[in-house]
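Structure assessment
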Amino acid sequence: MSQQSTLEWRTRIGSSSLPFVDSRIYTERDIFDEERTKIWRKSWLLVAHESELPEPLDFRTTSIAREPVAIVRGEDGVVRAFLNVCPHRGAILLREPAGSLKQASPSGSPKRITCMFHAWQFDAKGHCLSIPRRNAGYQERLECSDVGLHQLACEVAYGGFIWVHLEANPVPLREYMGKAFDDIAPHLEAEPLEVFHHHKAIISTNYKLWHETNSEFYHDYMHHFNRVTSMQQAGYHDRHYEAFPFGHATVSSMEVKYTAYEHEQVNLAESRDLSFPLLERNGWKLLDLFPGITLNLRGSALRIDTATPLSEDRVLIEFRGLGLKRDTASERERRVRDHNTIWGPFGRNLPEDLLGVTNQTLGMWPGSEGLHVLHGRQENGRIHDEIGLRHYYEEWSRRLGRSASDPYGEAAQSAAPTPLRAGGAR
């Protein structure tokens, strides 16, 4: 068995033609801070689904690049997004994760967003309606019209999902997505959808490592469920990746043999009769969106992963399961059981993915020896080709103005590393 010296370990692994990234892109605080500015503040992000705000004056709160954000359905039915911050003294306005403005808050009136600090009030369109003792304190120097909430770019699209962008005049959503949604959109837009499952988990890993689990299938060997129902079936290795501008990628469909999974309390074959509209029975499609969103459609249920980076080694992942709004009680029960058997917090796949990324984090602790993380599998764009990873880090490098394989520009002082190449992108 060959051994490597420290110099060899840090220089390269295997042939010089193997693409890799430097492990410091996962561990360094300065890189994380730059990502927040150059990536997360400049991307369209999926923050919720319209079914989570079904009634006028319903709201949800979240954060993007450490900016507090409120999503509110107005009395006119329009969904809007605002910075969840009072323009007076910077206090958070809506402090619950979700709720309705129909009920009065302890410090304000019904149908109003009220700051608990000084009781300034705003409506669901962001207009300031009341400043207590305004004339006495500000005389004519400040009007309510001067201090509305900061409204953000917000669109509802692709099956009722709510998208928010922090920049004032971003690239239009459909231009940013391009053709990435073309394959999966018909299944999402055929009928109204509804969220039936939502849970959150703070994971001790870098957000990119989690997204990588959705961007490569070579790790299917780790998943018992996938080995049984997919890897042993015809067509598995023929699936292909397709890469799109802005770092997005899709994976083509296959029929999954759910009858091969035997469990005394779960009949997946029964649930799989509830395939999404226009999707072949037991079909499976996946869409990865830069920088941290995955739509995973398998037969009866749609799973959405959305990442909110908290630090270089902690990420909040929100997991949503969706079915059809018209489901009967029996159909919904089957979808929920099916979804949670595979993707729920105690399902077959999710704990295994969590174990994988936390092991990576332990292996690349900040300050440890640098590691060249391989993204070099090339199988003509097929399912175990790591094109999804290479394509992602090409976009990452473009956004940051750094090479993912040489983030600190050290190549000039030694042998230049192999540039990261997508290779095989369609």
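Notes on the structure in this doc start here. (Residues numbered from 1 in each chain as written. Predicted model: local features only at pLDDT ≥ 70, side-chain atom pairs only at ≥ 80, totals over all residues. Heavy atoms only, no water.)

1. Comments concerning the pattern of salt bridges
This model, assessed by the stated rule, comprises 27 salt bridges. D183 serves as the salt-bridge partner of K285, at 3.2 Å between the closest nitrogen and oxygen. With a gap of 102 residues between them, K285 in strand β15 (residues 284-289) and D183 in the loop between α5 (173-177) and α6 (185-189) connect regions that are remote in the sequence. With its nearest N and O atoms 2.8 Å apart, the salt bridge here joins R399 to E395. One end of the pair is R399 and the other is E395, both in helix α12 (residues 387-400) and 4 residues apart, which spans about a single turn. (Salt bridge = Lys/Arg side-chain N within 4 Å of Asp/Glu carboxyl O. Helix = DSSP H or I, 4+ residues; strand = E, 2+ residues; numbered from the N terminus.)

2. Things to note about the sheet that holds strand β8 (residues 121-122)
Reading across the sheet, the 3 strands line up as β7-β8-β9 and stay open at both edges, with antiparallel pairing between neighbours. Each edge of the sheet is formed by a strand with only one pairing partner; in this case those strands are β7 (113-114) and β9 (128-130). Across 2 bridges, the pairing between β8 and β9 is antiparallel. What sits directly across from F122, in β9, is C128. (Pairing = 2+ DSSP bridges.)

3. As for the sheet that holds strand β2 (residues 45-49)
In spatial order, the strands read β2-β11-β10-β5-β4-β3-β6; together these 7 strands make up an open sheet with antiparallel pairing. Looking at strand neighbours, the two that pair on one side only are β2 and β6 (98-100), the edges of this open sheet. Taking each pair of neighbouring strands and ignoring which way they run, the sheet shows an average axis angle of 30°. Bridge count between strand β4 (residues 67-73) and strand β5 (residues 79-83): 5 bridges; the pairing is antiparallel. Looking across to β5, one finds that I71 is bridged to A81. (Axes fitted to C-alpha atoms, helices over the stretch in contact; angles between N-to-C directions.)

4. Section: the pairing of strand β17 (residues 301-311)
The buried fraction of β17 is high, at 10 of 11 residues. Both strand β16 (residues 293-298) and β17 contribute to a ladder of 6 bridges, which runs antiparallel. Bridge pairing in β17 places N296 opposite R303. A loop of 2 residues connects β16 with β17, the two strands running antiparallel in sequence, and G299 in this loop sits at a positive phi of about 50°. In the sheet, β17 pairs with strand β18 (residues 314-324) via 9 bridges, with the strands oriented antiparallel. (Buried < 20%, exposed > 50% of the residue type's maximum accessible area, 1.4 Å probe, protein only.)

5. Here we look at the packing of aromatic side chains
According to the stated counting rule, one finds 10 aromatic pairs in the structure shown. Between Y158 and W163 the ring centres are 6.2 Å apart and the planes differ by 85°, which places this aromatic pair in the edge-to-face class. You can call Y158 buried: its relative accessible area is 5%. Classification of W163 by relative accessible area gives buried; the value is 0%. Between the aromatic rings of Y158 and F181, the centroid separation amounts to 3.8 Å while the plane-to-plane angle is 10°, which identifies the pairing as stacked. With Y158 in the loop between β10 (151-157) and β11 (161-165) and F181 in the loop between α5 and α6, this residue pair connects regions lying 23 residues apart in the sequence. The same class applies to Y158 and to F181, which are both buried. Taken together, F290, Y392, Y393 and W396 form an aromatic cluster joined through their ring pairs. It is R402 that lies over the ring of Y408; its NZ or CZ is 5.2 Å from the centre. (Phe/Tyr/Trp six-rings, centres within 6.5 Å; stacked < 30°, edge-to-face > 60°. Lys NZ or Arg CZ within 6 Å of the ring centre and 35° of its normal.)

6. Examining the side chain of S311
Within the secondary structure layout, S311 lies in strand β17. Residue S311 is classed as buried on the basis of its relative accessible area, which comes to 8%. Among the polar contacts made by the side chain of S311, one reaches the side chain of D313 at a distance of 2.9 Å. With residues near it in sequence (within four places) discarded, S311 still touches R29, F32 and R66. (Polar contact = N/O pair within 3.5 Å; in protein donor to acceptor, adjacent residues only side chain to side chain. Contact = heavy atoms within 4.5 Å.)

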